[in-house]
Amino acid sequence: MPEIDKSDRAMTSVTAQEALDFHSQGRPGKLEISPTKPMATQRDLSLAYSPGVAVPVKAIADDPATAYDYTSRGNMVAVISNGTAILGLGNLGALASKPVMEGKCVLFKRFADVDSIDLEVDTENVDEFVNCVRFLGPSFGGINLEDIKAPDCFIIEQRLREVMDIPVFHDDQHGTAIIATAGLINALALTGRDFNTTKLVCNGAGAAAIACIELIKAMGFNAENVILCDTKGVIHQGRTDGMNQWKSAHAVKTDHRTLTEALRGADVFFGLSAKGALSTEMVLSMAPRPIIFAMANPDPEITPEEVTQIRDDAIVATGRSDYPNQVNNVLGFPYIFRGALDVRASTINDAMKIAAAEALASLAKEDVPDDVAAAYQGNRPRFGPQYIIPVPFDPRLISAIPIAVAKAAMETGVARKPIADLTAYGQQLSARRDPIASTLQRIFERVRRQPKRIVFAEGEEVQMMRSAIAYANQQLGTAILLGREDQMRETAEREGIDLDRPGIQIVNARLSKRVGAYTDFLYARLQRQGYLFRDVQRLINNDRNHFAACMVALADADGMVTGLTRNYSTALEDVRRCIDAKPGHRVIGVSLALCRGRTVLVADTAVHDMPSAEELADIAEEAAGLAKRLGYEPRVAMLAYSTFGHPSGERSERVREAVKMLDKRRVDFEYDGEMAADVALNSRVMEQYPFCRLSGTANVLVMPAFHSASISTKMLQELGGSTVIGPLLVGLDKSVQIVSMSAKDSDIVNMAAIAAYNAGT
Ligand SMILES: NC(=O)C1=CN([C@@H]2O[C@H](COP(=O)(O)OP(=O)(O)OC[C@H]3O[C@@H](n4cnc5c(N)ncnc54)[C@H](OP(=O)(O)O)[C@@H]3O)[C@@H](O)[C@H]2O)C=CC1
Ligand SMILES: CC(=O)C(=O)O
Ligand SMILES: [Mg+2]
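Residues numbered from 1 in each chain as written. Chains lettered and ligands numbered in written order. Predicted model: local features only at pLDDT ≥ 70, side-chain atom pairs only at ≥ 80, totals over all residues. Heavy atoms only, no water.

Bridging between strand β12 (residues 479-482) and strand β13 (residues 504-507) involves four bridges; their strand directions are parallel. Each bridged residue has a counterpart across the sheet, and for Leu482 the counterpart in β13 is Val507. (Pairing = 2+ DSSP bridges. Helix = DSSP H or I, 4+ residues; strand = E, 2+ residues; numbered from the N terminus.)

Here the UniProt feature "domain: Malic enzyme N-terminal" (unreviewed entry) sits at residues 28-161. As a span, residues 28-161 carries 40% helix and 12% strand, and end to end its C-alpha atoms are 34 Å apart. (UniProt positions renumbered as here; feature names shortened; annotations may be inferred.)

The subject of this paragraph is the pattern of salt bridges. By the definition in use, this model includes 45 salt bridges. With a shortest N-O distance of 3.5 Å, Glu495 and Arg466 are connected by a salt bridge. With Glu495 in helix α21 (residues 485-495) and Arg466 in helix α20 (residues 462-473), this residue pair connects regions lying 29 residues apart in the sequence. Owing to a relative accessible area of 22%, Arg466 belongs among the partly exposed residues under this scheme. Across the pair Arg693 and Asp663 runs a salt bridge whose closest N-O atoms are separated by 3.3 Å. With Arg693 in the loop between α29 (683-686) and β19 (700-702) and Asp663 in helix α27 (residues 650-665), this pair connects stretches of sequence that are 30 residues apart. Using a relative accessible area of 41% as the deciding quantity, one classes Arg693 as partly exposed. Given the relative accessible area of 34%, Asp663 is considered partly exposed. A network of salt bridges, in which partner residues are shared, links Arg586, Glu615, Asp618, Glu621 and Arg665. (Salt bridge = Lys/Arg side-chain N within 4 Å of Asp/Glu carboxyl O. Buried < 20%, exposed > 50% of the residue type's maximum accessible area, 1.4 Å probe, protein only.)

Once that is clear, we can look at the coordination of the magnesium ion (ligand 3). Protein ligation of the magnesium ion (ligand 3) involves Glu146 (OE), Asp147 (OD) and Asp172 (OD), the donor distances falling in the range 1.9 to 2.1 Å. Written as a sequence motif, the donor arrangement for the magnesium ion (ligand 3) is E-D-x24-D. The exposure classification of Glu146 matches that of Asp147, with both residues buried. (Donors = N, O, S within 2.8 Å, 3.2 Å for Na, K, Ca; no water.)

The next point concerns the site of ligand 1. In the vicinity of ligand 1, 26 residues are found, and the nearest of them are Ala205, Ala208, Thr231, Lys247 and Asn329. Gly88 places a main-chain nitrogen or oxygen 3.1 Å from an oxygen atom of ligand 1. Note that an oxygen atom of ligand 1 is positioned 3.0 Å from one of the backbone N or O atoms of Ala150. Alone, ligand 1 offers 920 Å² of accessible surface; in the complex the protein occludes 81% of this. Here the residues of the shell around ligand 1 sort into 11 nonpolar, 11 polar and four charged. Counting the residues that make up the shell around ligand 1, at least three belong to each of domain 2 (31-35 + 53-166) and domain 3 (174-327). (Near = heavy atom within 4 Å. Polar contact = N/O pair within 3.5 Å; in protein donor to acceptor, adjacent residues only side chain to side chain. Areas by Shrake-Rupley, 256 points an atom, 1.4 Å probe, with all protein chains shown as cover. Nonpolar A, V, L, I, M, F, W, Y, C, P; charged D, E, K, R; others polar. Domains from an automatic or database assignment.)

Read from one edge to the other, the open sheet built from four strands follows the order β2-β1-β3-β4, with strand pairing classed as parallel. Only two strands of the sheet have a single partner each, and these edge strands are β2 (115-120) and β4 (168-170). Neighbouring strand axes in the sheet, compared pairwise and without regard to direction, differ in orientation by 25° on average. Pairing analysis gives six bridges linking strand β1 (residues 76-81) to β2, with the strands arranged parallel. Note on β2: the bridge partner recorded for Val77 is Ser116. Sheet contacts for helix α7 (residues 152-163): β3 (142-145) and β4; angle to β4, the most-contacted strand, approximately 165°. (Axes fitted to C-alpha atoms, helices over the stretch in contact; angles between N-to-C directions. Contact = heavy atoms within 4.5 Å.)

A residue-level look at the protein finds 96% of positions with pLDDT of 70 or above and a mean pLDDT of 92. Predicted confidence for residues 1-11 stays below pLDDT 50, and this span has nine contacts to residues more than four positions away or in other chains. Under the prediction, the complex receives an ipTM of 0.98, its pTM being 0.71. (pLDDT = per-residue confidence, 0-100.)

The next subject is helix α30 (residues 706-718). An ideal rise of 1.5 Å per residue puts 18 Å on 13 residues; α30 measures up with 18 Å between its terminal C-alpha atoms. Within α30, the full set of buried residues consists of Ala709, Ser710 and Thr713. All buried residues of α30 lie within an arc of 90° about the axis, which places them on one face of the element. On the buried face of α30, the contacting elements are β15 (588-595), β16 (598-603) and β20 (723-730). (Expected span 1.5 Å × (residues − 1). Arc of directions from axis to C-beta.)

On the secondary structure map, Leu539 appears in helix α23 (residues 533-542). Relative accessible area serves as the criterion here: at 17%, Leu539 is assigned to the buried category. As for Leu539 and Ala517, which are separated by 22 residues in sequence, their C-alpha atoms are 13 Å apart. Filtering out sequence-adjacent residues up to four positions away, Leu539 remains in contact with Leu522, Leu526, Tyr531 and His546.

Further remarks concern the site of ligand 2. Contacts to ligand 2 come from Leu87, Lys104, Glu146, Asp147, Asp172, Asn297, Asn328 and Asn329. Lys104 has a polar side-chain atom sitting 2.9 Å from an oxygen atom of ligand 2. Contact with the protein chains covers 87% of the free accessible surface of ligand 2, which is 220 Å². A class-by-class count of the residues in the shell around ligand 2 yields one nonpolar, three polar and four charged.

So, in structure tokens, the structure goes:
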């Protein structure tokens with residue numbers, strides 16, 4: 001039984017405990033199934049099930065191609081494993097592979113809007129495995145095999161490809177090969193090498209390694225210059241120990257017997273083996289400007305730090321997301337299947353793989369536009385040794401790769417539903433991307449570059465402690481936990497939380513040397529509002545929100561997060577006693593609602609009860625400003641129950657008035673109204689009003705009053721399946737965010753990161 005190392009040494013960017021919590025919190029695991037049709041009435045039931053369902057059944061029986069029209073088959077992939085080679089962890093069995101397979105499904109959805117389901121097949125017998133999978137074809141548009149050890153994977157894939165008429169793609173082979181090849185093309189270009197003379201040594205001769213070597217050879221890499229090694233050393237002609245036909249196909253004539261010998265003077269190292277397999281001595285012996293792809297997961301054959309310590313001329317890539325140059329099949333499989341599914345490809349052939357590799361390689365060379373730069377740690381990357389391949393969050397991948405794959409499928413005659421207009425297809429693909437995930441990613445990356453001190457005001461709460469640790473671990477800055485230290489330590493001990501780690505600071509309000517300064521500061525603000533000095537002393541001594549807000553006001557912290565123990569409006573009142581609105585701004589709350597790849601900002605969801613026309617115009621300006629800061633081009637709809645005067649009514653007057661005020665202010669964003677929510681959000685309904693000034697459906701909704709804002713966002717969350725982030729506080733002079741009392745760790749970390757982001761980066 002492998003032991004779980006819960007120490008922080010297990011991983012650098014997240015702790016083992018965080019990983020377990022992430023998987024267990026809420027609904028266990030990472031996936032759920034949700035219906036695409038309503039199932040609310042007797043009629044729905046009659047249509048979805050008996051008798052209505054008989055109609056598509058007969059249609060499909062008559063013409064099998066209609067299954068793509070009447071079922072989810074065309075967008076559904078099975079992610080199938082038997083767990084015999086889980087990442088680089090080895091054979092840990094079918095059940096243990098489930099978190100990885102669920103993870104692959106989530107990546108399919110997140111990056112390419114492909115639906116998928118994980119199937120863990122509990123057998124190591126190749127015939128049994130093939131027999132289990134071969135009959136599942138009608139359920140799926142494609143089969144993604146995963147983490148099956150070599151050589152079984154080669155036989156399984158080959159046999160399934162022969163008997164199934166949908167793409168069968170072993171991701172560890174071909175996904176990896178496509179990405180590694182793309183990275184190699186670019187690394188060779190950067191170091192002035194070519195496919196003919198470059199000497200490459202690949203450590204590992206399993207699924208991923210063999211496929212990588214086969215793909216580069218298929219693209220013209222000189223086979224004589226490739227040496228493959230496995231646990232027994234160099235795979236040379238005449239070797240018999242530990243061999244199989246796939247290894248033999250790449251055996252070369254050489255006197256080298258060990259990886260050390262093979263690597264002397266080599267240009268390129270491909271690692272598809274295991275943690276730590278490449279030593280610094282071996283790296284030192286390589287040619288000038290060596291190319292090192294240490295792709296084993298979760299721990300590479302050598303870390304980039306280890307390479308940098310001994311030489312500064314290497315191009316290094318790993319399979320991990322916490323280093324530059326991530327050569328990982330996540331850059332491939334979602335998009336390759338997207339393209340293959342969209343043309344109903346019968347297979348994924350070499351031409352499609354090569355097209356994907358070339359598209360990926362050229363994307364890294366392209367200039368990175370503004371809206372994409374955000375996905376790159378806030379730095380606009382430039383093609384070079386630290387950037388040979390796009391990052392998984394690059395929003396251009398969703399259009400670039402599937403188009404290349406679909407086109408190659410059509411050109412090679414395996415597309416059963418060719419796409420006539422590839423430009424229109426590209427636009428549809430871009431619309432599948434979920435912008436908010438990139439937005440949050442960008443916020444995190446930006447903060448990482450300029451870490452901030454965030455005070456977690458309710459530091460004695462377990463969730464705050466966990467969130468503070470996650471904040472620090474993700475290198476977002478210093479997390480200041482406010483509270484009684486003895487109390488915190490007692491709770492931490494009970495919950496198994498280690499507070500003595502870098503990035504965590506404990507501030508005990510009662511013992512702080514800053515109590516006097518905070519009291520004087522707050523007394524000066526409140527003395528003419530009915531507060532005696534001793535009232536203010538009490539607020540500072542006893543109330544964490546006041547203390548934390550004063551820390552921020554007097555620059556002892558860059559931002560704060562609170563809200564777990566008090567309702568939103570009380571927490572906001574506490575903060576407002578200490579911090580004003582930014583000059584010329586209005587404090588409002590904006591919620592981000594994410595639903596089916598679409599994000600809308602809803603305002604004001606926190607502060608103004610029944611805003612006047614002027615206040616509504618201010619809210620529109622603040623919300624549009626936030627939208628811009630988050631990377632959206634705002635299209636603001638001023639919502640009401642009426643649309644452009646119909647039906648007329650007093651309540652809509654204010655909204656109309658607000659639109660006129662925005663006209664006078666000559667604001668620099670699109671807005672219009674008053675309009676009903678369906679006009680704002682549905683382009684077909686909006687077309688009824690050709691004079692409407694919005695260039696597309698609205699992405700910022702200004703609500704006529706707090707009650708409608710609050711009710712609608714909560715309904716979206718509970719009934720509409722939307723994820724709602726916020727309300728984010730906007731317009732305060734200092735950076736404060738308030739979470740809801742039911743916030744989970746991840747919500748708090750997001751809000752802390754947003755507080756840090758707003759604190760100025
Ligand atoms: N970055 C990425 O996108 C991907 C990375 N990988 C990584 O590649 C590795 C292999 O995966 P996969 O091909 O699926 O697994 P397989 O089980 O199919 O193959 C493993 C291969 O690695 C060899 N090997 C293991 N340890 C060593 C060692 N210390 N020195 C030399 N060779 C060794 C084995 O040798 P032998 O044949 O002698 O047993 C075998 O040839 C894993 O770490 C995995 O995480 C895989 C897919 C994608
Ligand atoms: C990334 C991946 O698929 C692996 O390491 O197995
Ligand atoms: Mg894998």
